[in-house]
Amino acid sequence: MQNESIPAIENIISSLNEGNVIAYPTEAVFGLGCDPDNEQAVNKLLELKQRSWEKGLILIADNYEQLKNYVDDSQLTDEQKQVMFSSWPGPVTWVIPAKKSTGKWLTGQFDTLAVRVTNHELVKLLCRKYGKPLVSTSANLSGLDPCRTTNEVIEQFKGSIPVLDGLVGGRQNPSEIRNAKTGQLYRKG
């Protein structure tokens, strides 16, 4: 399947480079994503999602190296890092202090950023080929259920965004979200 996805991934990367919002499968649901460094693209995503910028967003990556430009893990103890790294790659999102240079369009009203190293092979491949993480928020319009198939994304968004065709992972619930410093559970996975 991966080989069939390569041309599709190249088209999705072109869309990302053009500042577009895309949809792609994740561990449980389809995600909406864009270039995290493109404030205009993030604003398009927030508008499409009907989501307030103040809530902040999640970045999803192939590996931790891709997230280092956005987070300040020097504020974490070795033990806190070990707990975080032991859950990756996988469906656990960690809230980590953000670097001061990280855009407010990503952190929202917070001085932290939610990040995840995924174990979804198609997303890993996309992030690896794109060379950086993607914004990741569930693909659904406000008040509607998150999309779990390519067809649901096309239907809900009226074909207005490019979709990386693929299957979501077997999870029923979205990723767990925890605070890396305190261990506080924000969302059960």
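Quick notes on the rules
- Residues numbered from 1 in each chain as written.
- Predicted model: local features only at pLDDT ≥ 70, side-chain atom pairs only at ≥ 80, totals over all residues.
- Heavy atoms only, no water.
- UniProt positions renumbered as here; feature names shortened; annotations may be inferred.
- Helix = DSSP H or I, 4+ residues; strand = E, 2+ residues; numbered from the N terminus.
- Rg over C-alpha atoms; globule rule 2.2 N^0.38 Å.
- Areas by Shrake-Rupley, 256 points an atom, 1.4 Å probe, with all protein chains shown as cover.
- Lys, Arg positive; Asp, Glu negative; His and termini not counted.
- Charge placed at Lys NZ, Arg CZ, Asp CG, Glu CD.
- Buried < 20%, exposed > 50% of the residue type's maximum accessible area, 1.4 Å probe, protein only.
- Phe/Tyr/Trp six-rings, centres within 6.5 Å; stacked < 30°, edge-to-face > 60°.
- Polar contact = N/O pair within 3.5 Å; in protein donor to acceptor, adjacent residues only side chain to side chain.
- Contact = heavy atoms within 4.5 Å.
- Pairing = 2+ DSSP bridges.
- Axes fitted to C-alpha atoms, helices over the stretch in contact; angles between N-to-C directions.

You'll find the chain entered in an unreviewed UniProt entry as Threonylcarbamoyl-AMP synthase, with Providencia burhodogranariea DSM 19968 given as the organism. For the chain, the Subcellular location (unreviewed entry) comment in UniProt is given as "Cytoplasm".

A. The arrangement of the overall build of the chain in detail. A tally of regular secondary structure across the chain gives six helices and eight strands. Each helix (α) and strand (β) of the chain, taken in turn from the N terminus, gives the series α-β-β-α-β-α-β-α-β-α-β-α-β-β. A compact globule built from 189 residues should have a C-alpha radius of gyration of about 16 Å, and the chain, at 15 Å, falls within 12% of that. Along the first, second and third principal axes, the C-alpha atoms of the chain reach 45 × 30 × 30 Å. With the model as given, the accessible surface of the chain reaches about 9300 Å², and the carbon-plus-sulfur share is 47%. Each charge sign in the chain was given a centre, from 21 positive and 22 negative side chains, and these centres are 4 Å apart.

B. Representation of helix H5 (residues 121-130). When you tally the buried positions in H5, you get seven out of ten residues, the bulk of the element. Every buried residue of H5 is listed here: Leu-122, Val-123, Lys-124, Leu-125, Leu-126, Cys-127 and Tyr-130. Phi for Gly-131, located one or two positions after H5, is positive at around 85°.

C. The packing of aromatic side chains, seen in detail. Counted under the stated rule, the structure contains three aromatic pairs. Summarising the aromatic geometry, the rings of Phe-85 and Trp-88 are spaced 6.3 Å apart at their centres and angled 55° between planes, so their arrangement reads as tilted. For Phe-85, a relative accessible area of 35% gives the class partly exposed. Among the aromatic side chains, those forming a connected cluster through ring pairs are Tyr-64, Phe-85 and Trp-88.

D. Representation of the side chain of Ser-136. Position of Ser-136 among the secondary structure elements: in strand S6 (residues 134-138). A distance of 3.1 Å separates the side chain of Ser-136 from the side chain of Tyr-24, its partner in a polar contact. For Ser-136, the contacting residues outside a window of four places in its chain are Tyr-24, Thr-26, Leu-32, Ile-58, Ile-60 and Arg-116.

E. Focus on the sheet that holds strand S3 (residues 58-61). Strand order across the open sheet formed by eight strands is S1-S2-S6-S3-S5-S4-S7-S8, with mixed pairing between neighbours. Lying at the two open borders of the sheet, with one neighbouring strand each, are strand S1 (22-25) and strand S8 (185-187). Across the sheet, the mean angle from the axis of one strand to that of its neighbour is 35°, orientation sign disregarded. Note that strand S4 (residues 92-97) and strand S7 (residues 176-179) share four bridges and pair parallel. What sits directly across from Val-95, in S7, is Asn-179. Along the sheet face, H5 touches S1, S3 and S6 and points at about 135° away from the line of S1.

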